[in-house]
Structure formats: structure tokens, C-alpha cells
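Here are the chains, one letter per residue:
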Amino acid sequence: MSRKKTGELKVLADQSFTEKELVINPNDGFDLGLMMTEATVELVITPDPDNLPLQQDDPPVYARLYQKNECRLGTVELGMKSVQKLDGKKKVRLFLEQVERYPRIMISPA
């Protein structure tokens, strides 16, 4: 399975976002092979994208990924609930895998 990833991205918490929203700069989206301005994705926050559990305890979270020029290059904007799952990590990488219905975006501390 082919996987694309971004460079290190700085995490910005946005209190107006739910856990089902994230925003990146279009240039960072290009690194993932994304060409559309918004997409539905399966969102996974994991410390190790290479060792995802085969059976997740929680149902998958489907989120909207937006690519906006207003988002600074090298940053990802996330809702507070998603930021809390990162345990205080300030830099992450995004990984994209094409799976089943929606692409899977994994957020992992850098």
C-alpha cells in the first residue's frame, strides 16, 4: 500500500473546530497527493502509523480536511479534542493511505 507524508507540521489548536475538522496549506496537501480543496477522510491520531491496531476500540472518525491558503505553510489546524489526543506534542506529520471508501489520514507526533 502506498503511503505519502508531509514534512513536520506545527500544531495549531482552534477552539472553533470540532474533532472532525482539520486545515492544512495546499502545498502541504500536495505532499500528500491531494488535489481537491476539501475531502472527507478517515482520521486516526496515533503515536506509530506503522503499527495501527488491527481492531480499533473506537469507531473510525470521519473528518473534513480543508486546504486553505490562509493556513500557514508547515502548520495543521486541529480542534481541541484532537490536540488533546496528541499529549502535548507540538509537531506532527500527516500520513495518507488510500483505503476503502475514504483516504486515511494519520496524525503522528514528529
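Residues numbered from 1 in each chain as written. Predicted model: local features only at pLDDT ≥ 70, side-chain atom pairs only at ≥ 80, totals over all residues. Heavy atoms only, no water.

1. Description of the overall build of the protein
Of the regular secondary structure elements, the protein holds two helices and eight strands. The order of helices and strands in the protein, counted from the N terminus, is β-β-β-α-β-β-β-α-β-β. Computed over the C-alpha atoms, the radius of gyration of the protein is 13 Å, within 12% of the 13 Å expected from 2.2 N^0.38 for a compact globule of 110 residues. Considering only C-alpha atoms, the protein reaches an extent of 35 × 30 × 20 Å along its principal axes. With 110 residues in all, the protein has 42% of them scored as buried. A fraction of 79% describes how many contacts in the protein between residues 6 or more apart in sequence connect residues 24 or more apart. Split by element, the accessible area of the protein, about 6800 Å² in all, is 47% carbon and sulfur. Here the protein contributes 16 positive and 17 negative side-chain charges, whose respective centroids are spaced 3 Å apart. (Helix = DSSP H or I, 4+ residues; strand = E, 2+ residues; numbered from the N terminus. Rg over C-alpha atoms; globule rule 2.2 N^0.38 Å. Buried < 20%, exposed > 50% of the residue type's maximum accessible area, 1.4 Å probe, protein only. Contact = heavy atoms within 4.5 Å. Areas by Shrake-Rupley, 256 points an atom, 1.4 Å probe, with all protein chains shown as cover. Lys, Arg positive; Asp, Glu negative; His and termini not counted. Charge placed at Lys NZ, Arg CZ, Asp CG, Glu CD.)

2. A short note on the pairing of strand β8 (residues 104-109)
Of all six residues making up β8, five are buried, and the element is well covered by its neighbours. Here strand β4 (residues 38-45) pairs with β8 via four bridges, running parallel. Each bridged residue has a counterpart across the sheet, and for Leu43 the counterpart in β8 is Ile105. One ladder, built from six bridges, connects strand β7 (residues 91-97) with β8; its direction is antiparallel. Paired with Val92 across the strands is Pro109, a residue of β8. Between the antiparallel neighbours β7 and β8 lie six residues, among them Glu100 with a positive phi of about 30°. (Pairing = 2+ DSSP bridges.)

3. Considerations on the pattern of salt bridges
Scanning the entire structure with this criterion turns up seven salt bridges. Across the pair Lys81 and Glu19 runs a salt bridge whose closest N-O atoms are separated by 3.4 Å. Taken together, the residues span a long stretch of sequence, with Lys81 in helix α2 (residues 80-84) and Glu19 in the loop between β2 (9-13) and β3 (21-24) at a distance of 62 residues. The structure contains a network of salt bridges with shared partners spanning Arg3, Glu42, Asp50, Glu97 and Arg104. (Salt bridge = Lys/Arg side-chain N within 4 Å of Asp/Glu carboxyl O.)

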